[in-house]
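Listed below are the residues making up each chain.
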Amino acid sequence: MTEKLSDTGRATMLAPLLENGWEMNAAEDALCKTFEFADFTEAFGWMTRAALWAEKWNHHPDWRNVYKTVEVTLTTHDVGGLSSLDAKLARKLDSL
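Reading the values: the criteria
- Residues numbered from 1 in each chain as written.
- Predicted model: local features only at pLDDT ≥ 70, side-chain atom pairs only at ≥ 80, totals over all residues.
- Heavy atoms only, no water.
- Helix = DSSP H or I, 4+ residues; strand = E, 2+ residues; numbered from the N terminus.
- Buried < 20%, exposed > 50% of the residue type's maximum accessible area, 1.4 Å probe, protein only.
- Salt bridge = Lys/Arg side-chain N within 4 Å of Asp/Glu carboxyl O.

Enquirer: Could you clarify how one ought to interpret the environment of Thr41 in this entry?
Expert: Take Thr41: it is sitting in helix 2 (residues 40–56). Of the residues examined, Thr41 reaches a relative accessible area of 61% and is grouped as exposed.

Enquirer: When you look at the pattern of salt bridges in this model, what are you seeing that I'm missing?
Expert: One side chain can pair with another of opposite charge once the charged atoms of both are near each other. Tallied over the entire structure, the rule returns five salt bridges. A salt bridge links Lys4 to Asp29; the nearest nitrogen and oxygen atoms lie 3.8 Å apart. Here Asp29 lies in the loop between strand 1 (23–25) and strand 2 (30–36) and Lys4 lies in the segment before helix 1 (7–19), a separation of 25 residues in the sequence. The class of Lys4 is partly exposed, set by a relative accessible area of 43%. For Asp94, the salt bridge is made with Lys33, and the minimal N-O distance between the two is 2.8 Å. Of this pair, Asp94 sits in helix 3 (residues 84–95) while Lys33 sits in strand 2, and the two are 61 residues apart along the sequence. Residue class for Asp94 comes out partly exposed when judged on its relative accessible area of 24%. Residue classification places Lys33 among the buried residues on the basis of a relative accessible area of 14%. Where salt bridges share partners, they join Lys4, Arg10 and Asp29 into one cluster.

As structure tokens, this is what we get:
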């Protein structure tokens, strides 16, 4: 079962993500990042690739697409905050 990240887990899993442009939303206990692409087609293609991983892992982002930007928020609603699934998906999104 997925659990909310401990203080130690946050320190080790989130630090590299924060260094790579992710930001904490303390009010929602969530990670947030805005991805910018060359145009709408590139942004939508990235979202499609991301959706395949999200579906495979059964962990879906909250996101918003406007033209060439995609705003992503990651949190695990089932545990009321961040879990290892969020860190895993954030790393994958950065690699796409």
